[in-house]
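For reference, the chains in residue letters:
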Amino acid sequence: MANLTDYTVGWIGVGRMGYPMANRLLEAGCDVSIYNRTRSKAEPLAETGAKIVDTPKDLADRDIVFTMVSTSDDLINVTFGENGVLTAEAMPKLLVDCSSVSEEASAEVRARAAEFGVDMLASPVSGNGKVVKAGKLTIVTSGPRAAFEIAEPYLNQVGRGVTYVGEGELARMIKICHNVLLGVYTQCLAEILVLAEKGGVARKDTMEFINGSVMGSMFSQYKTPSLVNLDLTPTFTPILLRKDLDLGLKAGESLGVELPVTQTTRDMVQRSIDAGYTDCDFSI
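A. Examining the overall build of the chain more closely. When its secondary structure is counted, the chain shows 11 helices and 9 strands. Expected size for 284 residues packed as a compact globule is a radius of gyration near 19 Å; at 20 Å, the chain falls within 12% of this value. In terms of its C-alpha atoms, the chain occupies a principal-axis envelope of roughly 65 × 45 × 35 Å. Counting over 284 residues, the chain shows a buried share of 51%. Within the chain, contacts between residues at least 6 apart in sequence are counted, and of these 66% link residues at least 24 apart.

B. The packing of helix 7 (residues 170-198) against helix 11 (residues 260-274), seen in detail. The geometry of helix 7 relative to helix 11 is characterised by a closest axis approach of 9 Å and an angle of 70° between their N-to-C directions. Overall, the two elements helix 7 and helix 11 adopt an arrangement that is roughly perpendicular. Handedness of the helix 7/helix 11 crossing: left-handed. Seen from helix 7, the contacting residues are Val180, Gly183, Val184 and Gln187; seen from helix 11, they are Val261, Thr262, Thr265 and Met268.

C. Representation of the packing of aromatic side chains. The full count for this structure, using the stated rule, is 5 aromatic pairs. A centroid spacing of 5.8 Å and a plane angle of 75° characterise the contact between Phe236 and Phe282, whose relative ring orientation is edge-to-face. Taken together, the positions of Phe236 in the loop between helix 9 (218-229) and helix 10 (238-255) and Phe282 in the segment after helix 11 put the pair 46 residues apart, joining distant regions of the chain. Classification of Phe236 by relative accessible area gives buried; the value is 19%. Positioned over the ring face of Phe80 is Arg112, at 4.1 Å from the centre of the ring.

D. Here's a closer look at the side chain of Ser123. Turning to its location among the elements, Ser123 is positioned in the loop between strand 6 (119-122) and strand 7 (125-126). Those residues in contact with Ser123, other than ones at most four positions away along the chain, are Val96, Asp97, Cys98, Ile139, Val140, Thr141 and Leu155.

E. Here's a closer look at the sheet that holds strand 8 (residues 138-141). Strand order in the open sheet formed by 3 strands is 7-8-9, and the pairing between neighbours is mixed. In this open sheet, the two edge strands, each paired with only one partner strand, are strand 7 and strand 9 (161-164). In terms of strand pairing, strand 8 meets strand 9 through 4 bridges, oriented parallel. Counted as the bridge partner of Val140 is Thr163 from strand 9.

F. Focus on the sheet that holds strand 1 (residues 9-12). One open sheet accounts for 6 strands, arranged 3-2-1-4-5-6; its pairing is parallel. Because the sheet does not close on itself, it has two edges, and the strands there are strand 3 (51-52) and strand 6. Bridge count between strand 4 (residues 64-67) and strand 5 (residues 94-97): 4 bridges; the pairing is parallel. Residue pairing across strands places Phe66 opposite Val96, the latter belonging to strand 5.

G. Region of the structure containing a nonpolar patch on the surface. Taken together, the side chains of Val165, Leu170 and Ile174 make up a nonpolar region of the molecular surface, amounting to roughly 230 Å² of accessible area. Within the secondary structure, Leu170 is located in helix 7.

H. Examining helix 6 (residues 145-158) more closely. Under the 1.5 Å per step criterion, the end-to-end length of helix 6 is 19 Å for 14 residues, consistent within 8% with the ideal 20 Å. Within helix 6, the axis deviates most sharply at Ala151, by approximately 50°, and proline Pro153 lies no more than four positions further along. When helix 6 is considered as a whole, its buried residues turn out to be Ala147, Phe148, Ala151, Glu152, Pro153, Tyr154, Leu155 and Val158.

I. Focus on the pairing of strand 8. Alignment of strand 7 against strand 8, held across 2 bridges, turns out to be antiparallel. Across the sheet, Ser126 pairs through a bridge with Thr138, a residue of strand 8. Tracing the backbone out of strand 8, into helix 6 and back to the parallel element strand 9 gives a crossover that is right-handed.

J. Structural context of the pattern of salt bridges. According to the stated counting rule, one finds 14 salt bridges in the structure shown. What emerges from the salt-bridge pattern is a single network uniting Asp97, Arg110, Glu169 and Arg172.

K. Spatial organisation of unusual backbone geometry. Its identity as a non-glycine residue notwithstanding, Asn83 has a phi of 60°, on the positive side. Assignment of secondary structure puts Asn83 in the loop between helix 3 (72-80) and strand 5. Look at Leu230: it is not a glycine, yet its phi comes out positive at around 55°. Within the fold, Leu230 resides in the loop between helix 9 and helix 10.

The rules behind each value
Residues numbered from 1 in each chain as written. Predicted model: local features only at pLDDT ≥ 70, side-chain atom pairs only at ≥ 80, totals over all residues. Heavy atoms only, no water. Helix = DSSP H or I, 4+ residues; strand = E, 2+ residues; numbered from the N terminus. Rg over C-alpha atoms; globule rule 2.2 N^0.38 Å. Buried < 20%, exposed > 50% of the residue type's maximum accessible area, 1.4 Å probe, protein only. Contact = heavy atoms within 4.5 Å. Axes fitted to C-alpha atoms, helices over the stretch in contact; angles between N-to-C directions. Parallel < 35°, antiparallel > 145°, perpendicular 65-115°, else oblique. Left-handed = near helix turned anticlockwise from the far one by under 90°. Phe/Tyr/Trp six-rings, centres within 6.5 Å; stacked < 30°, edge-to-face > 60°. Lys NZ or Arg CZ within 6 Å of the ring centre and 35° of its normal. Pairing = 2+ DSSP bridges. Patch = residues over 30% accessible without salt bridge, like charges linked within 9 Å, V, L, I, M, F, W, Y side chains within 5 Å. Areas by Shrake-Rupley, 256 points an atom, 1.4 Å probe, with all protein chains shown as cover. Salt bridge = Lys/Arg side-chain N within 4 Å of Asp/Glu carboxyl O. Expected span 1.5 Å × (residues − 1). Bend = angle between axes of the 7 residues up to and from the residue. Right-handed = clockwise from strand over helix to strand, strands pointing away.

Spelled out as structure tokens, the structure:
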């Protein structure tokens, strides 16, 4: 297993998740250079030792490049688009994508990277910015085993542990299933809270009981303050949840798996978006 000082690191994307993830590597003493589409959002990380660059291509001389972007198109753009990290003469040894993107986009980038001798790991994550800062982010990874052994200490530093599930795009399927569960579970929590409140029970009391029962979870406990206080400060937006539910429904269609509860949840998310709720927390 590699040490955190063995390789130089490039990082693409410092949004709500990418910023604290990159910062955890910097705090551990890693040599990190960063690109973000809006440069000003990355510049505060220079105070903890990051070098801020102007294009993804400027990270091509890094040993390992992490990507944390919003969509499949974004991943393709920062890797093979204009000034993409894999369009320079120099090439990183390894690409590690932590985004939630489609299996098809991931496989496309993996295949094109392989043509240049660059390995790729799919390493999507579970959590939000607060979870990252607390050191409780969880990560699932798939790709070449040898590449995973190089990236493992860096992934462990970003989160609290990483599960390796095999070759190819298997991690993408796990992440899609995870975010389908996230949407369905949150929708159900919202419904029973409204039901109980209409029946005269305070949201606080309902969540206290749920959290103490077998139906409670780490997520329900974490989400209780925002559900009780109706704090809709975004941790994950309805737009992003809709994207992931669409990925799940697409996978279900291609594999012949009916997902009626997922479809209903997706319809509810769409109703929220149509009502103008796009920049608040997905629990709206």
